[in-house]
Every structure is written in C-alpha cells, then in structure tokens.
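Each chain is listed here by its residues.
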Amino acid sequence: MNAPKHGDEAERQELSHLLPRPGTPGLSPTRSQRLEEYLMQEVTQTSTQEQPSPTVKRGMPRWSLIAAPAAAMAVAAAVVASTTGTTHGDDSVAISSVVKVQPASATGATALLTQVADAASKQKTPTVGANQFIYVKSKVGFTHQIKQRTIGGPAKLDAVHQREVWLAADPSKNGLIHEGGQNITIHNSGKGVANPGAASQPARPGTVPQIASLSTNPDALLKQIYSTTRGEAPSKDAAAFNWIGETVSESIVPGDVASSIWRAAAKIPGVVLVKDATDAAGRHGEAIAHVSNGERTEYIFDRNTHLFLGERSYLIKDTPMGKAGMLTGTSAVLSRAVVNKMGDLPAGARA
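None of these values were measured; they are calculated from a predicted model.

Draft legend 1. Quick look at the overall build of the chain. The secondary structure content of the chain amounts to nine helices and 13 strands. A total of about 17,100 Å² of accessible surface is found on the chain, and carbon and sulfur atoms cover 54% of it.

Below, the structure written as structure tokens:
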C-alpha cells in the first residue's frame, strides 16, 4: 500500500492531473528506418575498421527533422534493421545540388489535388495476398552532413542511385531493402508500428491491412492523421504532410484510400502549388508542397495523368545547412508490383 501524499508532493500530484499530457515526439517508421540503417552500417564498418565511420544519411525533410542524440540512443537500444550482405553496386548518377527556387502559391493547390484524387480513384490496384510482398523500385538521392556525426550543419548531396524495397503483407514477416550495393533486412516486430512511448496513439499505417482500413472520408482521415502524428516535429501540419509522403511512396494504396489521402492533403494549412518540379528521374510535373524550417517538400505529379511521380526537397532560404536552392533530397518511383517472395523481381524486370 502506498503511503499518503502530503504537502508539496500532494499538490504536484494534483496539478499533474489537471494538466494535459505532453506530446510524445516520436520517430516515424521512415525516419527510424533511415537512422537504423545508418547505425547498422556504423556497427559493421567500425567492427571491420576498414573504412571511416559513415556520415548520417539525410533523407527528405520528414527523415531529417529528428532530435539526433535522443533518437540515436533510442534506436540503438532496439535496432530493427541489419545488414545481411553485399551485392553488386548500383549505378549512380551525380546531379546538380542546386535548383531554382520555384514560385509557389496556395491558388490552384486544391484544384490539382482534386485532379490527383480523381485519378487515384480510377487506378486499379493489384490484390496483395497474405504471403506476398509489395515491391517498389525507385531512384533516390539524399544529403549527408559534411561533418560526421552531426545534424543541422553544412550538408552535401549524394549521387542519385537505385533503391528497391520488398515489404511483407504479413506484418510478422521481414522485409528487405536493396540500396547502395547492400541488402538490409527490415525486421518486423508485430501488427503495426506505434510511436515510441505513445501507446495510446493508433499505429501508423504501414501494412497492407492498415492502409486498406484508412478512412475514405477525407475529414475523418485528416483527424486520424493528426492523431497518429501528434507530438511529432517540426509542427502539427508539417508532420501530417510528411505522413502522406511516408504512406504513399513505398506502398500500394487502394484507389479509394489514395483518393481520400490526397483530398485530406488539400485541407492541411500551408499546402501550396508549385507549377514546375522535377523528380530524381528527370521527369517534370506539377507539385503540391509544404515548407518547414526553410525547407520545402514537394510531391510531384504527372501533368497529364496526375499520377504520383516522386518527391523533392530543397532550401528556399539560407540556413546553417546551406544556401537557398540547395537540394536536400530527391526521389522518383519507377515501378510498383506484387511479388511472391522477398527478393523476387516483377515479371519482365531486369535483374
């Protein structure tokens, strides 16, 4: 039996019940994954002592806005990604690290997203069996910090390279990333991935059943997104916008759900239209964008089909990381498919 509380201790306890619970600045699965990949590469390379420790890989804005020291410690305590071997190196192409800061306007953003939502609703998405895998092939390029083991300082853009991901429909099964000549196992741990330390929050959608169960009502979905990303940096609206990129970029989303996602995006304050944006494959299109901490995130769509092409992020003003126009991340989705085994390629794909 606990002893009764007296004096200041009792007052503090009473006040704690009156105050709202603080938000939990949890890492999303994508940001965690990037950090986990870095940590495992750090462990592997340190053990061999053949190469200097790698710098922190910096992805699109949603992967970069983490509190590095606390995040690294949390992930290091429970790493869920591991390097399983190396294969042939992937072709990589150097691109300009500076882009033109394109004008952006709130006018037209909702109209474009309505067209995107309509196009998504008409797309036929393949059925994913319980024992199958979602395969996504893309081109990606990210920045890394020039000074090792730092986040927020001067950064440099890596060459654009190929990335392949196999995600298991069954959340109890492992997945696989092939990137940079390495195979990295994604160790699944259960039915969903919830924000660390926030058990009361719903699991972030990521598995096939979770994504399929998202609301097809945009208003209800937006409330769910805000609830799922509650407490995440850098802000409520930026976290919601980042959630959208995390959910659609490396998955297969049913048409009615994808339509709901893009209609919900139109309701996020700060979303703007960029009339000319280029993905990592050099494809031009229109984009919707959101700015946080001087960095703009763009989701790019084909001008004719209004289908999702990829993402781009760059600084729109000078920051400690670099000058306005510095490209901080770029990607292009090249193909999506359903395969039977981890590591399988879709029919007709080149090995």
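Draft legend 2. Examining the pairing of strand β11 (residues 295-301) more closely. For β11, the buried fraction is high: seven of the seven residues fall into the buried class. Of the two faces of β11, the one lined by E295, T297, Y299 and F301 and the one lined by R296, E298 and I300 are each fully buried. Where strand β10 (residues 284-292) lies against β11, seven bridges are found, and the strand directions are antiparallel. Across the sheet, the residue bridging to V291 is R296, located in β11. Between β10 and the antiparallel strand that follows it, β11, lie two residues; N293 among them carries a positive phi value of about 55°. Between β11 and strand β12 (residues 308-315), which follow one another and run antiparallel, lie six residues, and H306 among them has a positive phi close to 65°.

Draft legend 3. Structural detail: unusual backbone geometry. Positive phi, normally seen in glycine, also occurs at N293, with a value near 55°. Residue position: N293 is located in the loop between β10 and β11. By relative accessible area, N293 is classed as exposed at 56%. Positive phi values are uncommon outside glycine, yet H306 reaches one of about 65°. For H306, the location among the structural elements is in the loop between β11 and β12.

Draft legend 4. Structural detail: the pairing of strand β6 (residues 160-168). Counting buried residues in β6 gives seven out of nine residues, a clear majority hidden from the surface. The sheet contact formed by β6 and strand β7 (residues 175-179) spans four bridges and is antiparallel. Following the sheet pairing, E164 is matched in β7 by H178.

Draft legend 5. A look at the nonpolar core. Core analysis: the biggest nonpolar cluster contains 37 residues, and I244, I261, W262, I268, I288, Y299 and F301 have the highest contact counts within it. Counting residues per element, the ones that place at least two in this core are α5 (109-122), β4 (133-145), α7 (218-228), α8 (236-249), α9 (255-265) and β11. If we ignore the near neighbours within four places in the chain, the residues touching F301 are L112, V116, W262, G285, E286, I288, H306, L307, F308 and L309.

Draft legend 6. Main features of the packing of α8 against α9. Close contact between α8 and α9 brings their axes to 11 Å; oriented N to C, the two are set at 160°. In terms of orientation, α8 and α9 fall into the roughly antiparallel class. The handedness of the crossing between α8 and α9 comes out as left-handed. Of the residues in α9, those in contact with W243, I244, T247 and V248 of α8 are I261, W262 and A265. For the contact of α8 with α9, a count of residues per class yields six nonpolar, one polar and no charged.

Draft legend 7. Summary view of the packing of α5 against α9. Contact geometry of α5 with α9 gives a least axis separation of 7 Å together with a crossing angle of 170°. Relative to α9, α5 is oriented roughly antiparallel. Touching L113, T114, V116, A117, D118, A120 and S121 of α5 are G255, A258, S259, W262, R263 and A265, all from α9. Looking at side-chain class alone, the contact of α5 with α9 contains seven nonpolar, four polar and two charged residues.

Draft legend 8. Expanded view of the packing of aromatic side chains. Scanning all chains against the criterion turns up seven aromatic pairs. A centroid spacing of 6.5 Å and a plane angle of 65° characterise the contact between Y299 and F308, whose relative ring orientation is edge-to-face. The exposure classification of Y299 matches that of F308, with both residues buried. Here a set of aromatic residues connected by ring pairs shows up, and it is made of F241, W262, Y299, F301 and F308. Sitting above the plane of the Y226 ring, K236 keeps its charged end 4.5 Å from the centroid.

Draft legend 9. Quick look at the confidence of the model for the chain. On average, residues of the chain score 74 in pLDDT, and 63% of them are at 70 or above. Mean pLDDT values over the elements of the chain span from 27, in helix α4 (residues 68-77), up to 98, in α5. Confidence drops under a pLDDT of 50 for residues 1-89, and excluding neighbours within four residues, the segment shows 153 contacts in the predicted structure. Low confidence marks residues 189-204, where pLDDT is under 50. Its contacts with residues over four positions away, or in another chain, come to 40 contacts.

About the criteria used
Residues numbered from 1 in each chain as written. Predicted model: local features only at pLDDT ≥ 70, side-chain atom pairs only at ≥ 80, totals over all residues. Heavy atoms only, no water. Helix = DSSP H or I, 4+ residues; strand = E, 2+ residues; numbered from the N terminus. Areas by Shrake-Rupley, 256 points an atom, 1.4 Å probe, with all protein chains shown as cover. Buried < 20%, exposed > 50% of the residue type's maximum accessible area, 1.4 Å probe, protein only. Pairing = 2+ DSSP bridges. Core = buried A, V, L, I, M, F, W, Y, C linked by side-chain atoms within 4.5 Å. Contact = heavy atoms within 4.5 Å. Axes fitted to C-alpha atoms, helices over the stretch in contact; angles between N-to-C directions. Parallel < 35°, antiparallel > 145°, perpendicular 65-115°, else oblique. Left-handed = near helix turned anticlockwise from the far one by under 90°. Nonpolar A, V, L, I, M, F, W, Y, C, P; charged D, E, K, R; others polar. Phe/Tyr/Trp six-rings, centres within 6.5 Å; stacked < 30°, edge-to-face > 60°. Lys NZ or Arg CZ within 6 Å of the ring centre and 35° of its normal. pLDDT = per-residue confidence, 0-100.

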